[in-house]
Structure formats: C-alpha cells, structure tokens
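In case you want the letters, here they are:
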Amino acid sequence: MTNSRFKDHLGRPIVAVTGMGVITSLGQGLADNWAKLTGGVSGIHAISRFPTEGLNTRISGTVDFIDVPANNAVERSYAMARETTLEALAQAGISGEFNGPLFLAAPPVEPEWEDRFILAERAPKGEYAHAYQQVLAAVRAEADPVFLEAVQFGSISERLADRFGTRGLPVTLSTACASGATAIQLGVEAIRQGRTDRALTVATDGSVGAEALIRFALLSALSTQNDPPEKASKPFSKDRDGFVIAEGSATLVLESLESAIARGAKVLGIMKGCGEKADHFHRTRSSPDGGPAIATIRAALDDAGLAEDAIGYINAHGTSTPENDKMEYGAMLSVFGERLSDQIPVSSNKSMIGHTLTAAGAVEAVFSIQTMLTGTLPPTINYTNPDPSIVMDVVPNVKRDAQVSAVLSNSFGFGGQNASLIMALEPA
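Residues numbered from 1 in each chain as written. Predicted model: local features only at pLDDT ≥ 70, side-chain atom pairs only at ≥ 80, totals over all residues. Heavy atoms only, no water.

An unreviewed UniProt entry lists the chain under the name Beta-ketoacyl-ACP synthase, from Allorhizobium terrae. According to the UniProt record, the Pathway (unreviewed entry) comment for the chain is "Lipid metabolism; fatty acid biosynthesis." (UniProt positions renumbered as here; feature names shortened; annotations may be inferred.)

A count of helical and extended segments in the chain gives 14 helices and 15 strands. Principal-axis analysis of the C-alpha atoms gives the chain an extent of 70 × 55 × 40 Å. When contacts within the chain are restricted to residue pairs at least 6 apart in sequence, long-range pairs at least 24 apart make up 77% of them. Here the chain displays about 17200 Å² of accessible surface, and carbon together with sulfur accounts for 52% of that area. (Helix = DSSP H or I, 4+ residues; strand = E, 2+ residues; numbered from the N terminus. Contact = heavy atoms within 4.5 Å. Areas by Shrake-Rupley, 256 points an atom, 1.4 Å probe, with all protein chains shown as cover.)

It is worth spelling out the layout of surface pockets at this point. When its volume is computed, the largest pocket comes out at roughly 1200 Å³. Looking at the largest pocket, it is lined by 49 residues, and the ones nearest its centre are Ala73, Glu110, Glu112, Ser207 and Ala212. Put simply, the parts of the chain that give the lining of the largest pocket at least two residues each are helix 2 (73-92), helix 3 (113-122), helix 5 (145-150) and helix 8 (210-218). In terms of residue count, helix 3 provides more of the lining of the largest pocket than any other element does, seven residues in total. Among the residues forming the lining of the largest pocket, the class breakdown is 27 nonpolar, eight polar and 14 charged. Shared between two domains, the lining of the largest pocket takes at least three residues from each, and those domains are domain 1 (15-110 + 151-424) and domain 2 (113-150). (1 Å grid on protein atoms, 1.4 Å probe; cavity = no way out; pocket = protein on both sides within 12 Å on 5 of 7 lines; lining within 4 Å. Points joined across faces, edges and corners; volume = space filled by probe spheres on them. Nonpolar A, V, L, I, M, F, W, Y, C, P; charged D, E, K, R; others polar. Domains from an automatic or database assignment.)

Okay, unusual backbone geometry next. With an omega of -5 degrees, the peptide bond running from aspartate 227 to proline 228 counts as cis. With respect to the helices and strands, proline 228 occurs in the loop between helix 8 and strand 8 (248-256). Phi angles above zero are rare outside glycine, and alanine 176 is one such case at about 55 degrees. With respect to the helices and strands, alanine 176 occurs in the loop between strand 6 (171-173) and helix 7 (179-192).

What follows is the structure, given as structure tokens:
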C-alpha cells in the first residue's frame with residue numbers, strides 16, 4: 001500500500017522536481033543564469049542575427065552562443081532543448097534511457113525567408129497555376145533533408161526522444177506564451193493519473209527572426225526603446241511600452257515523490273498546483289476585466305489545496321506591455337486583495353531576460369523553484385518610474401533575501417491561453 005505521505009490533498013501522487021536546466025540570453029546553465037538574474041544583469045542587446053535598418057525595434061534577447069548546423073528556428077530550438085535536458089538529467093542523476101514520456105513546448109514552425117527565396121528560384125515557372133503548387137514541385141524535384149527538418153513541427157521532440165530514450169509518442173504543443181507552463185502541467189497530470197513515475201518536460205524557443213520581429217511590431221507589442229537595450233524591458237513601470245522578444249529553453253525532470261525518494265534523488269521542489277483557463281475576448285488581447293486570469297490563478301490554488309495567504313512570492317508574467325501588466329495586476333489584486341500591495345513580493349524575470357515566448361513558463365518555473373531553494377528574490381530591474389495605478393512590491397532593482405515556501409508563477413498568452421503554476425518546497 002502506498003504511503004499516504006506521498007499523496008496530495010486529493011489522493012493523487014505528489015509530483016517532485018528532481019532536475020532543472022536553463023538557457024537564456026544571460027547564458028547557459030542554471031548557475032550562470034541565477035547569478036546574473038539575482039545580480040540584476042540584463043541579457044537584452046542589439047540584434048546582430050539579421051539586418052534591422054528601418055525597423056522600429058532593433059533589440060532582443062537572442063541566444064547567439066550555441067553552435068547550430070543550420071541557421072533556423074528548429075535547429076536553434078533543438079540545440080537549446082538538448083543542452084538544458086542534459087543539465088537537468090545530470091542534476092536528477094538519471095543516465096541512460098529516460099523511460100518516461102516527453103512533453104515539449106516548441107514554437108510554431110515555418111520556413112525562414114532565405115529558404116523561401118531559394119524555393120522560389122527553384123520552382124518551375126508557368127507549369128502550375130498556384131504558387132503553392134510550384135513550391136511543392138520544387139521540393140519534390142530535389143531532396144533537401146535540412147529544409148525538411150526545419151519545417152516539421154514535431155522534429156524537435158522526435159530528436160529529443162531519440163537522444164534521451166523517452167517512452168511513448170512525444171507530445172509537442174504550442175499554446176503561445178503559456179506553452180512552457182502547459183508542458184509542465186501535462187507532465188504533472190501524467191504522473192498524477194498513474195500513467196508514469198517520471199516525465200520529461202521541456203520548453204524551447206529559438207524563433208527570433210526578421211519576420212517574427214515584424215509581426216509583433218505590427219501588433220504594437222514590442223518595445224521601441226532601443227538605446228540602451230538593457231533598459232527597454234521595464235515591467236510595471238509608467239513608461240513601459242512593450243515587451244522585448246527573446247529566446248531560451250528550460251527542462252524540468254518531474255517524478256512522483258515516492259519514486260524520487262525511493263531512488264535517493266534530491267527533491268528540489270514540488271509541483272503543487274496547475275491551473276488553466278481560456279480567454280475568448282480577442283486573438284491577441286486579454287480580457288480587460290482579467291476574468292480568465294483570475295479564474296486561472298484560483299484554479300491553481302484549488303488544485304494545490306492552498307489558500308491565498310499561503311503564497312509568499314509571485315513570479316509575474318510581467319511582459320512590460322501597458323495593457324498586459326495592468327490586466328495581470330488587476331487579476332492578482334482580485335485574488336490576493338490588500339496583501340498584494342506590501343505583503344506578497346512580485347517580480348518579473350522578463351525585465352532581464354526578455355520574453356522567451358514558448359519557453360517562458362518553464363524558464364520562470366525553474367527560477368521560481370530556485371527562488372525557494374536559495375531564499376533570494378530576483379529583482380524587477382529598470383523600475384525607476386513606477387506606474388501609480390499599479391501598487392505592488394515589485395522587488396525594485398535589487399535582489400532581496402526572503403525565505404518563501406510557496407510560489408505562484410503566471411503565464412498569460414496570446415489566443416486566450418492562460419496558465420498558472422504553484423510550486424512549493426518539499427513537504428516535511
């Protein structure tokens with residue numbers, strides 16, 4: 001009979017985190033990232049990957065220090081996911097076949113502009129009525145394995161599954177900015193439902209390119225405060241004007257607490273609760289009243305079996321866009337009330353690493369667990385001009401020592417994708 005200390009308040013297996021790996025524009029590996037994040041260092045810089053002349057936004061948090069065999073989003077995303085998974089498995093003490101399912105959050109995949117131009121040049125002229133038929137003819141006429149790999153949505157997860165020996169069909173998902181948190185939730189649910197004792201949850205995004213930059217710029221979502229780059233992302237500040245697009249990856253090894261302890265693994269933290277709700281208000285904008293975000297946070301608290309006063313710190317979505325920051329503040333205020341103003345510190349990792357899009361929920365989950373392990377709250381940097389309508393303790397500009405035992409991390413994305421995670425220290 002399973003020991004009741006390994007069950008949560010609903011009788012489900014408690015899910016532990018036993019390994020973590022992370023890459024952002026700050027660097028590779030948890031140690032380097034955490035030192036810089038808590039030191040208030042920004043990874044935002046001028047874009048060098050492609051020409052930016054004539055663009056309103058010329059800065060980003062790209063990851064340019066990892067070698068890739070081809071310069072496209074799939075290769076960059078895979079390379080980062082591979083490295084963070086190696087780090088996480090090493091920390092978890094798992095070698096050989098992973099022998100558990102893989103849940104991957106990956107960015108939408110489409111051909112790079114350069115590849116499209118090459119295809120257009122190769123396409124037969126005049127033989128087909130539509131450009132799409134011409135492209136298909138060009139692809140069929142000349143095999144191009146590199147191009148094929150770059151345009152298959154599931155190719156990253158297939159390669160990770162082969163490399164690390166995961167079990168079953170790997171799952172690839174894309175739920176906008178909530179993707180990383182959603183991948184973790186799927187891993188948690190698989191363990192809770194008794195389908196596996198362990199799950200590999202990975203989120204990665206190496207999709208910063210000219211087209212992505214232009215698309216977000218057309219939505220007026222990006223900061224245009226290019227000089228200096230490190231000052232552009234300023235969540236909850238009065239003069240914030242948009243997010244800074246960025247790249248990164250994070251991997252978390254999830255296991256049932258019973259399995260982790262049985263094999264002598266070090267438990268880094270507990271995935272206590274997961275909540276998700278859809279928002280049908282608009283394709284890119286969140287509901288101004290924050291209703292779906294409020295419901296998401298409450299769902300995570302209910303799933304965790306915790307009251308509002310159990311949360312000691314919030315890792316905010318905190319994008320630095322005028323509308324989203326205001327909406328998230330209103331949602332948190334509705335849930336936590338007056339405690340939000342001075343009793344619950346709230347900070348945004350995005351002030352330093354930018355918005356890593358698909359990877360954000362997992363990257364910030366790693367930092368949330370590290371916050372509890374180290375007793376250090378990362379700051380919100382660039383907070384010199386507070387928004388008077390947002391009254392919160394944002395851990396302004398400088399890290400703070402504070403021991404917390406439960407953290408809420410929010411991820412509110414385009415398309416009405418909302419997810420919140422609650423993480424806690426290992427139960428006594």
